[in-house]
Each structure stands twice: as structure tokens, then as C-alpha cells.
Amino acid sequence: GAVVSQHPSRVICKSGTSVKIECRSLDFQATTMFWYRQFPKQSLMLMATSNEGSKATYEQGVEKDKFLINHASLTLSTLTVTSAHPEDSSFYICSASDTQGPGGYTFGSGTRLTVV
Amino acid sequence: AQSVTQLDSQVPVFEEAPVELRCNYSSSVSVYLFWYVQYPNQGLQLLLKYLSGSTLVESINGFEAEFNKSQTSFHLRKPSVHISDTAEYFCAVSGRGAQKLVFGQGTRLTINP
């Protein structure tokens, strides 16, 4: 089946630094990928939709300059949290629209970001 | 636009008891419906989905859900739960032809021995 690999699984960074999270589709081409943010004991909040070769579409209230998304190839999308602050600490999850028919989405395993 | 409401934030049950996790949705267009499971510090795994056809869909691990259009519901059921079913369960909806998934708030299922 379709597999999405997300790295790193955990990262701790200092306030003011930037962190890059990678999301790769391993055995299929993903023209569209999605980035979610999940606060403790809460649901997933869609941050942006990433389309290969074009600019990402951000949801209302998500800072484009803060959360940079790049989808340069059909198998890789990256999320860069720039100038991270403690309030950016969260669980970030990517998903890709896979090839298993309509409504097919495969999720990465998530990245726990802690900003200290 | 679509929205999803999971009526119970937490559901504690005893092992081998039946369970129902409730999900209601709102949409002005036809939808696809999903149930995902999330174990601690992990991503989401698809349990089952309704796209079309039979309104009762089943997963390989004993869960089933029934699409009820008149009640706009997609409740998840299992006749006998196991300790390993302890997890967070999310109901989600997307409009047909759209790609965005909208998630419910999640239901934490806790199985007590």
C-alpha cells in the first residue's frame, strides 16, 4: 500500500532557529500533500495544501512567512518553521493524496516539535 | 463547506464489551466519510471509509460504520473491544471532488480490563 515517510519524528530546537520537516511519498507520486497541526488532545487543523510545482494554499489564519512549504517534486514536500518560538511547539502531520481511488489519503507518522 | 461533530470526547468501556463512537456531519454536497485511528505520538491510520454503494462498511479488525444519510451520521461500532483498541479515533469528511479532509474533534477510547 501507499506509504508516506515523515522526518524527523521528534525535534527540539532553540527559540529563534528554523526547523525543516520532510514528507516523502515512498511508492507513489503525490501531486497534492497536506500539512496539519495537532495540539495536545485536540483534532487536526489543516494548515496548508501543497501542490507540486506551485505555491501552497494556506488556510485562514496560518502565517505563510512563518510556515514555509515547498513541494518541489512529486514525492517530497517540506514544511519549514521559521524563527520558531515556544508557541510553535506542536505535533505536525503530513498526508498525501494517494492513488488508491477517490478519498485516498495516506498520513505520515508525525513530527513532535518542541521549541525551548 | 463541511463540518464534523464527534459527540463524545471520551468513551471508557470494559474489555470485550461493545462500543459505539458517534459521528455526525454537515454538508451541502455529497460526501466521502472516513474513520481514522491515532495511537500516541503517531500519525493517522485509516480504519474504514464510505465512498458509495453499501452503507455499511467494515474494517479488517472488526470495526464497522454505517452511513445514514437521513441522520447525517457515520457512527463507528465494534461488538467486542480489546485492550489494543485503546486509541484516539477521528471521524472525517470530504466533499466529492474536493480533496480537503475536515476532521471531528476526536474521541478517546479507553479500554479497561
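Residues numbered from 1 in each chain as written. Chains lettered and ligands numbered in written order. Predicted model: local features only at pLDDT ≥ 70, side-chain atom pairs only at ≥ 80, totals over all residues. Heavy atoms only, no water.

Draft legend 1. View of the packing of aromatic side chains. Inspection of every chain in the model, using the stated rule, returns 13 aromatic pairs over all chains. Ring geometry for F107 of chain A versus Y36 of chain B: centroids 5.1 Å apart, planes at 75°, classification edge-to-face. Taken together, the residues span two chains, with F107 of chain A in strand β10 (residues 105-107) and Y36 of chain B in strand β5 (residues 31-38). Comparing F107 of chain A with Y36 of chain B shows no difference in burial state: the two are buried. Centroid distance Y36 of chain B to F103 of chain B: 5.9 Å. Interplanar angle 50°. Geometry classified as tilted. In this pair, Y36 of chain B is assigned in strand β5 and F103 of chain B in strand β11 (residues 102-103), connecting sequence segments 67 residues apart. Side by side, Y36 of chain B and F103 of chain B carry an identical accessibility label, which is buried. (Phe/Tyr/Trp six-rings, centres within 6.5 Å; stacked < 30°, edge-to-face > 60°. Helix = DSSP H or I, 4+ residues; strand = E, 2+ residues; numbered from the N terminus. Buried < 20%, exposed > 50% of the residue type's maximum accessible area, 1.4 Å probe, protein only.)

Draft legend 2. Representation of the sheet that holds strand β3 (residues 19-25) of chain A in the model. All names here are of chain A. Spatial ordering of the open sheet is given by β1-β3-β8-β7, a layout of 4 strands whose pairing is antiparallel. In this open sheet, the two edge strands, each paired with only one partner strand, are β1 (4-7) and β7 (67-73). Adjacent strand axes in the sheet meet at a mean angle of 15°, parallel and antiparallel pairs treated alike. (Pairing = 2+ DSSP bridges. Axes fitted to C-alpha atoms, helices over the stretch in contact; angles between N-to-C directions.)

Draft legend 3. Representation of the pattern of salt bridges within the structure. Enumeration according to the criterion identifies 7 salt bridges over all chains in this entry. For E22 of chain A, the salt bridge goes to R24 of chain A, with nearest N and O atoms at 3.5 Å. Taking the shortest distance from any N to any O, the salt bridge between K78 of chain B and D85 of chain B comes out at 2.9 Å. (Salt bridge = Lys/Arg side-chain N within 4 Å of Asp/Glu carboxyl O.)

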